[in-house]
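# Survey of secondary and tertiary structure
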Amino acid sequence: MTETLPPRTSELPAKWIPGEVEGGMYQRWVERGYFQADPSSDRPPYCIAIPPPNVTGSLHLGHAMDHTLIDILTRRRRMQGYDTLWLPGMDHAGIATQSVVERRLAEAGAPTRRELGREEFVRRVWEWKAESGGAILGQMRRLGDGVDWSRERFTLDEGLSRSVQTVFKRMFDDGLIYRAERLVNWSPALQSAISDIEVDHKEVEGELVSIRYGEGDDAVVVATTRVETMLGDTAVAVHPDDERYAHLVGRSIRMPITGRDIPVIADPYVDPSFGTGALKITPAHDPNDFEMGRRHDLRCRRSWTSPAASRGSGTRFDGMDRFEAREAVREELRAHGRIVAEKRPYLHSVGHDSRTGVVIEPRLSLQWFVRVEAIAKAAGDAVRSGETTIHPADMSARFFDWVDNMHDWCISRQLWWGHRIPSGTAPTARPSASAPTRSPPPVRAGAATRTSSTPGSPRACGRSPRSAGPTRPRTSNATTRRPRWSPATTSCSSGSSG
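The structure presented is a predicted model; accordingly, all values stated were derived computationally and were not measured.

### A closer look at the packing of aromatic side chains
- All chains considered together, the criterion is met by 13 aromatic pairs.
- When the centroid spacing of 5.4 Å and the interplanar angle of 65 degrees are considered together, the rings of Phe168 and Trp368 count as edge-to-face. Taken as a pair, Phe168 in helix 7 (residues 158-173) and Trp368 in strand 15 (residues 361-370) lie far apart in primary sequence, 200 residues in all. Like Trp368, Phe168 is buried.
- Members of the aromatic cluster, connected to one another through ring pairs, are Tyr26, Trp29 and Phe35.
- For the cation-ring pair, Arg77 lies above Tyr82, with the distance from its terminal atom to the ring centre recorded as 4.6 Å.
- Cation over ring: Arg363 sits above Trp186, and NZ or CZ is 4.5 Å from the ring centre.

As structure tokens, then:
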């Protein structure tokens, strides 16, 4: 690319037009290697990796501020004699990119992702990336970012993919990554687990329906904003000191519609002054209920499929969409005289997928997690000891609120575009050369491995018989299925991704 300068003139321009000179000036800097680092240099090193922008988007004012600050730091060090590297790159943006390409396929009337198959779909995503990925790089050049373009990276390139697999295996061996059934934010639109920061909580006008469980003096009234979840109830909870229900604790009551008997349990989480003081407990579809289920060793009944349709209840509602089932269950309860009260509109907070706007479904799902307790404690201790200082100081409270209340991080997504989790199973009687040769570390209560079950069948919340303690290799000669580690033979992300 050759530099094009505006023609010289004896007249002073009426105004300064940066675009007429900055492009050529920046290109000259790049061609002369001003921003290139030299790993063989004996000068002190100084390196900053760019916070990679998503390949699906474009730079905004936040990026401009961030890049300006990094540019100042790296140019200053360069002038001070440091061998300076500002490493450029982009993030593959798994969910966002897959969604964009799927939307383009639909708009063009092309076959869907599942009709194309994994290999062909991923090939088309790479094609889209080649066409659209240059927009951000052009913006970085127009900003004058002093990056070393000879080292540009992409988070799905071969080197970084190998690094992800290596670190995943290392963290797994160290007990920092594990697989377990936990409640996750499930997006029915994306058919994937999503993170907490990808959930927008909005106040919506819904309904609060009070339902009578049991008969006569043993009847209990519970209230819910999601009537359809009663198909997955496994207990009714009351406060231990609530004398109104003391005679029921430890006994069972019969549920309407399903006819199942469920226990009445006592738990201090229940607020006896709220509503009737009794709560229906659906461990597989509510975060608070899930934790209560773990405390009381309740069964988990997964009543919803990944597209958020009813299943496994053994009732006529199986196969219905969750909102269709909500209305149908409510009307059947009304027909049986089980509805005690209804309140509409009832304003309450509901989580929505930030990308699609669809209401998320808390769902028990087998996923991969990072165990964050030790990592979060180390981060908090570094600030408390003064080893790390937060500026401004009043932001420390927000930092501690974050690290002191962190929960294990779900890292798996049900996607085709992204890093495939380097885990698989193979029938073998002995550990392979690439398999872990020691027993996996003990997992925290709640971590579990998959056990065979029919759809909707109950199991202990967050546990399985195999998760009672450390898993040890079997000593018999029977063929077993043991993790085989091989980056060349990877499995897809945990869950049903097709």
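### With respect to the packing of helix 3 (residues 94-107) against helix 5 (residues 118-132)
- Axis separation between helix 3 and helix 5 bottoms out at 10 Å; the angle between their running directions is 100 degrees. By the angle between their axes, helix 3 is roughly perpendicular relative to helix 5. Here helix 3 contributes Thr97, Gln98, Val100, Val101, Glu102, Arg104 and Leu105 to the contact with helix 5, which in turn contributes Phe121, Arg124, Val125, Trp128 and Glu131.
- Of the residues belonging to the contact of helix 3 with helix 5, the class tally is six nonpolar, two polar and four charged.

### As for the pairing of strand 8 (residues 220-224)
- Here strand 8 shows a buried face lined by Val220, Val222 and Thr224 and an unburied face lined by Val221 and Ala223.
- In this sheet, strand 8 lies alongside strand 7 (residues 199-213) in antiparallel orientation, the contact comprising five bridges. Pairing of Arg212 across the sheet is with Val221, part of strand 8.

### Digging into the pattern of salt bridges
- Per the counting criterion, the structure on display carries 31 salt bridges.
- One salt bridge connects Arg151 with Asp148, and the closest N-O pair in it is separated by 3.1 Å.
- The exposure class of Asp148 is buried, given its relative accessible area of 1%.
- Between Glu342 and Arg344 there is a salt bridge whose closest N-O contact spans 2.4 Å.

### Digging into the sheet that holds strand 8
- Read from one edge of the open sheet, three strands run 8-7-14, paired in antiparallel fashion. Among the strands making up the open sheet, the edge pair consists of strand 8 and strand 14 (339-353). Recorded for the sheet is a direction-independent mean angle of 20 degrees between the axes of neighbouring strands.
- Lying over the sheet, helix 9 (residues 322-335) contacts strand 7 and strand 14, oriented at roughly 165 degrees with respect to strand 14.

### Some points on the confidence of the model for the protein chain
- Mean pLDDT over the protein chain stands at 84; residues scoring 70 or higher make up 82%.
- Confidence over residues 429-457 falls short of pLDDT 50; this stretch has 69 contacts with residues more than four positions distant or in other chains.

### Observations concerning a nonpolar patch on the surface
- On the surface, Met65, Leu69 and Ile72 cluster together into a nonpolar patch covering about 310 Å² of accessible area.
- Tracing the backbone through its elements, the reader meets Ile72 in helix 2 (residues 61-79).
- The exposure class assigned to Ile72 is exposed, which follows from its relative accessible area of 52%.

### With respect to the nonpolar core
- Judged by nonpolar contacts, the single largest core of 27 residues is most densely connected at Phe121, Met140 and Trp149.
- Listed by contribution, the elements that provide at least two residues to this core are helix 1 (22-31), helix 3, helix 5 and helix 6 (134-143).
- Core analysis: the second largest hydrophobic core is formed by 24 residues, Val209, Val220, Val236 and Tyr245 among them.

### Regarding helix 3
- Across its 14 residues, helix 3 extends 20 Å between first and last C-alpha, which sits within 8% of the 20 Å expected from 1.5 Å per residue.
- Those residues of helix 3 that are buried lie in contact with helix 4 (113-116), helix 5 and strand 6 (192-194).
- At the exit of helix 3 stands Gly109, carrying a positive phi of roughly 70 degrees.

### Describing the side chain of Arg182
- Inspection of the secondary structure assignment puts Arg182 in strand 5 (residues 177-187).
- Buried and unpaired, Arg182 has Asp408 as its nearest opposite-charge partner, separated by 4.2 Å.
- A distance of 3.2 Å separates polar atoms of two side chains, one belonging to Arg182 and the other to Tyr178.

### Details of helix 5
- An ideal rise of 1.5 Å per residue puts 21 Å on 15 residues; helix 5 measures up with 21 Å between its terminal C-alpha atoms.
- Among all positions of helix 5, only Phe121, Val122, Val125, Trp128 and Lys129 are buried. Mapping the buried residues of helix 5 onto a view down its axis gives an arc of 110 degrees, with all of them on the same face. Among the exposed residues of helix 5, those oriented more than 90 degrees off its buried face are Glu119, Ala130 and Glu131.

Rules and cut-offs
- Residues numbered from 1 in each chain as written.
- Predicted model: local features only at pLDDT ≥ 70, side-chain atom pairs only at ≥ 80, totals over all residues.
- Heavy atoms only, no water.
- Phe/Tyr/Trp six-rings, centres within 6.5 Å; stacked < 30°, edge-to-face > 60°.
- Helix = DSSP H or I, 4+ residues; strand = E, 2+ residues; numbered from the N terminus.
- Buried < 20%, exposed > 50% of the residue type's maximum accessible area, 1.4 Å probe, protein only.
- Lys NZ or Arg CZ within 6 Å of the ring centre and 35° of its normal.
- Axes fitted to C-alpha atoms, helices over the stretch in contact; angles between N-to-C directions.
- Parallel < 35°, antiparallel > 145°, perpendicular 65-115°, else oblique.
- Contact = heavy atoms within 4.5 Å.
- Nonpolar A, V, L, I, M, F, W, Y, C, P; charged D, E, K, R; others polar.
- Pairing = 2+ DSSP bridges.
- Salt bridge = Lys/Arg side-chain N within 4 Å of Asp/Glu carboxyl O.
- pLDDT = per-residue confidence, 0-100.
- Patch = residues over 30% accessible without salt bridge, like charges linked within 9 Å, V, L, I, M, F, W, Y side chains within 5 Å.
- Areas by Shrake-Rupley, 256 points an atom, 1.4 Å probe, with all protein chains shown as cover.
- Core = buried A, V, L, I, M, F, W, Y, C linked by side-chain atoms within 4.5 Å.
- Expected span 1.5 Å × (residues − 1).
- Lys, Arg positive; Asp, Glu negative; His and termini not counted.
- Polar contact = N/O pair within 3.5 Å; in protein donor to acceptor, adjacent residues only side chain to side chain.
- Arc of directions from axis to C-beta.

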